[in-house]
Amino acid sequence: MRDKIEIPKSGFNFDNYRRNAFLEKQGLSLPKPIKTGTTIVGLLFKDGVILGADTRSTNGTIVANKNCEKIHYLAPNMYCAGAGTAADTEQATSMISSQLELHRLATGRQARVITAVTIYQGHMGAALIIGGYDISGPGLFNVHPHGSTDKLPFMAMGSGSLAAMSILESRWTKDLERDDAIELAKDAIEAGIFNDLGSGSNVDINIIEKDKVEVLRNYAKPNERAVKEQSYKYKRGATAYLKEYVREFIVTEGDAMDIS
Amino acid sequence: MAVEFQGGVVIGADTRTTLGSYVSNRVTDKLTPIHDKIYCCRSGSAADTQFIADLVRYYMQMYAVQHNEPPSVRTAAALFQELCYQNKDYLLAGIIVAGWDKHNGGTIYNIPIGGSLHRQPFTIGGSGSSFIYGYCDANFKKNMTQEEAVEFVKNAVTLAMSRDGSSGGCVRIAIINEDGVEMHFFPGNQLSVFYEGEDTAS
């Protein structure tokens, strides 16, 4: 008799692993996950944290989305940039965000960045840069797909991370001014956009300071499509035709459906 | 690595975390606090060791509250061993537990991959340790002073860093004794330079 209340098990839910293994044995090939390719950066400046990301989402060698959003909301004072499998970063960040909200309601306090970092346990293909401003000041952490975390003053992740890191290593200093820091983040992302095939399109920037968040979606658009040089439309009548056959598809009232 | 000296222990580590051949963090802190006077040196998978250290830290906090006294280094080491041995198929973690407690003074326990427990007066671990077994065996002395122990650890880690590709960056050291913990940081460009070959251009 079911009179015991089911308390949800803590930790990652592995139920789907067995289902997937079973399906694979049956011969079903698992869908290839869409990766985000990606260049994401995070850096500390004098008054807070800046997160930057490109906007290209890839499916193999095809660009699936030319302007996707890779910087996700976690809490009013915390945002997260995600690299890796697109579905995993979406789900991981929405899971972290909902857990943070429950935690905030339970404790009655502003969420801390370190709390968000410890919620993600790995087991998914998501590499995250979590940045925020809490009671202990600005916080910047990254989480790798297996769950290891780093605390650094500047970081880059994704396929374009090496290009972005080279810009950050040469120009980051302690206590950067707000405008210099934004330029640095933009240049780091642009290094990824132009030198990494998995990253491209536009630059998104998020600036998180004490009690203030500025979301600059498409802060830089270095890849806008040029205006076409001429109109490539064909005039009516350009293609000659031999036969014309018109069929009325609009059914007027009273016509019965042919069910023979 | 960790070394016992008169009155405590000195622990040290390099600061490099790698993802294949890319250095994902060049200023990592591999000396992780487990309790007020118990630290662990982490090697192997960063994700595995961070998780295990967090778990042991939680249990040590509970122990301290329940017993109204700080746990011994041996207790922390035994718990690390339990986690590492029982989950040996899923983990890649080499951990050195070192600290100071009232009844035993400075103590060191090495828990290599596989989950065995070894109490030793000094111990080294990690990929770079292979290169410094000779140096350590030749230069270790029992009952060193604090200064001697710090020099020993700093030199040994520096030598390992210069030979092992997976080790590098800077050197972090912690001195744990009755009075508490003292952390030190030595930037990579301020470390001693040992033999690095001849300059062939002249």
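None of these values were measured; they are calculated from a predicted model.

Participant: How would you explain the overall build of chain B if you had to name every residue and give the values?
Facilitator: Each helix and strand in chain B was counted, giving four helices and 12 strands. In terms of C-alpha radius of gyration, chain B reaches 17 Å, essentially the compact-globule figure of 17 Å for 202 residues. With respect to the three principal axes, the spread of C-alpha positions in chain B is 70 × 40 × 25 Å. Looking at chain B as a whole, 47% of its 202 residues qualify as buried. For chain B, the proportion of contacts with a sequence separation of at least 24, taken over those separated by at least 6, is 58%. Just so you have it, chain B exposes about 10500 Å², and 48% of that area is on carbon and sulfur atoms.

Participant: Residue-level account of unusual backbone geometry, with values.
Facilitator: In this model, Asn218(A) sits at a positive phi of 55 degrees, which is unusual for a non-glycine residue. Considering the arrangement of structural elements, one finds Asn218(A) in strand β12 (residues 212–220). At Asn143(B), a position not held by glycine, the phi torsion is positive, near 55 degrees. The residue Asn143(B) is located in the loop between α3 (133–139) and α4 (146–163) in this model.

Participant: Mind laying out the interface of chain A and chain B, listing which residues take part and the relevant values?
Facilitator: With 12 residues of chain A in contact, the opposing surface of chain B contributes nine residues. Of the roughly 870 Å² buried at the junction of chain A and chain B (both faces included), carbon and sulfur atoms supply 51%. Counting the surface chain A buries against chain B, the share from its top three residues, Ser148(A), Asp150(A) and Leu152(A), is 37%. Run the count over chain A and chain B and you get one salt bridge. Among the ionic pairs, Arg26(B) bridges to Glu169(A), the shortest N-O distance being 2.4 Å. The interface formed by chain A and chain B contains three residue pairs in polar contact (both at pLDDT 80 or more). Of all the elements in the fold, those that place two or more residues in the side of chain A that touches chain B are β9 (149–151) and α4 (161–171) of chain A. At four residues, α4(A) tops the list of elements feeding residues into the side of chain A that touches chain B. In the side of chain A that touches chain B, the residues fall into four nonpolar, six polar and two charged.

Participant: So what about the sheet that holds β12(A)? Which residues, and what values?
Facilitator: Residues and elements named next belong to chain A. Pairing in this open sheet of five strands is antiparallel, and the strands run β10-β1-β2-β11-β12 from one edge to the other. Pairing within the sheet leaves two strands with one partner each, and these edge strands are β10 (154–157) and β12. Taken over all neighbouring pairs, the strand axes of this sheet differ in orientation by 15 degrees on average, direction set aside. Lying over the sheet, α4 contacts β1 (40–45) and β10, oriented at roughly 165 degrees with respect to β10. Where helix α5 (residues 178–195) meets the sheet, it contacts β1, β2 (48–54), β11 (203–209) and β12, and its direction lies at approximately 150 degrees from that of β11.

Participant: Quick rundown of the packing of helix α1 (residues 46–67) of chain B against helix α2 (residues 73–86) of chain B? Include the residues and the values.
Facilitator: Residue and element names in this part refer to chain B. Packing of α1 against α2 brings their axes to within 10 Å, and their N-to-C directions diverge by 140 degrees. Taken together, α1 and α2 sit at an angle that is classed as oblique. Of the two elements, α1 crosses α2, and the hand of that crossing is right-handed. Judged by residue contacts, Ile52, Ala53, Leu55, Val56, Tyr59, Met60 and Tyr63 of α1 engage Thr75, Ala76, Leu79, Phe80, Leu83 and Cys84 from α2.

Participant: Describe α4(B), and please don't skip the residues or the numbers.
Facilitator: All names here are of chain B. Given a rise of 1.5 Å per residue, 18 residues ought to cover 26 Å, and the 26 Å separating the end C-alpha atoms of α4 matches this to within 8%. Listing the buried residues of α4 in full gives Ala149, Val150, Phe152, Val153, Lys154, Asn155, Ala156, Val157, Thr158, Leu159, Ala160 and Met161. Its buried side turned inward, α4 meets β1 (2–5), β2 (8–13), β10 (122–123), α3, β11 (171–177) and β12 (180–186).

Participant: Lay out the UniProt feature "domain: Proteasome beta subunit C-terminal" (unreviewed entry) in chain A with the relevant residues and their values.
Facilitator: As annotated in UniProt, the feature "domain: Proteasome beta subunit C-terminal" (unreviewed entry) corresponds to residues 222–253 of chain A in the numbering used here. The distance from the first to the last C-alpha atom of residues 222–253 of chain A is 55 Å, and the span holds 0% helix and 0% strand.

Participant: Requested: an account of the packing of aromatic side chains, with residues and values cited.
Facilitator: Evaluated as defined, the whole model comprises seven aromatic pairs over all chains. On the basis of an interplanar angle of 80 degrees and a centroid distance of 5.7 Å, the ring pair of Tyr73(A) and Tyr79(A) is categorised as edge-to-face. Classification of Tyr79(A) by relative accessible area gives buried; the value is 14%. Aromatic rings pair up to connect Phe122(B), Tyr135(B), Phe140(B) and Phe152(B) into one cluster. The residue whose ring lies beneath Lys154(B) is Phe186(B), and the NZ or CZ to ring-centre distance is 4.4 Å.

Participant: Just give me the short version of α4(A), but keep the residues and values in it.
Facilitator: Among the residues making up α4(A), those that are buried are Ser161(A), Ala163(A), Ala164(A), Met165(A) and Leu168(A). In this structure, the buried residues of α4(A) make contact with β1, β10 and α5 of chain A together with β4 (22–25) of chain B.

Thresholds applied
Residues numbered from 1 in each chain as written. Chains lettered and ligands numbered in written order. Predicted model: local features only at pLDDT ≥ 70, side-chain atom pairs only at ≥ 80, totals over all residues. Heavy atoms only, no water. Helix = DSSP H or I, 4+ residues; strand = E, 2+ residues; numbered from the N terminus. Rg over C-alpha atoms; globule rule 2.2 N^0.38 Å. Buried < 20%, exposed > 50% of the residue type's maximum accessible area, 1.4 Å probe, protein only. Contact = heavy atoms within 4.5 Å. Areas by Shrake-Rupley, 256 points an atom, 1.4 Å probe, with all protein chains shown as cover. Buried area = accessible area lost by both parts, 1.4 Å probe. Salt bridge = Lys/Arg side-chain N within 4 Å of Asp/Glu carboxyl O. Polar contact = N/O pair within 3.5 Å; in protein donor to acceptor, adjacent residues only side chain to side chain. Nonpolar A, V, L, I, M, F, W, Y, C, P; charged D, E, K, R; others polar. Pairing = 2+ DSSP bridges. Axes fitted to C-alpha atoms, helices over the stretch in contact; angles between N-to-C directions. Parallel < 35°, antiparallel > 145°, perpendicular 65-115°, else oblique. Left-handed = near helix turned anticlockwise from the far one by under 90°. Expected span 1.5 Å × (residues − 1). UniProt positions renumbered as here; feature names shortened; annotations may be inferred. Phe/Tyr/Trp six-rings, centres within 6.5 Å; stacked < 30°, edge-to-face > 60°. Lys NZ or Arg CZ within 6 Å of the ring centre and 35° of its normal.

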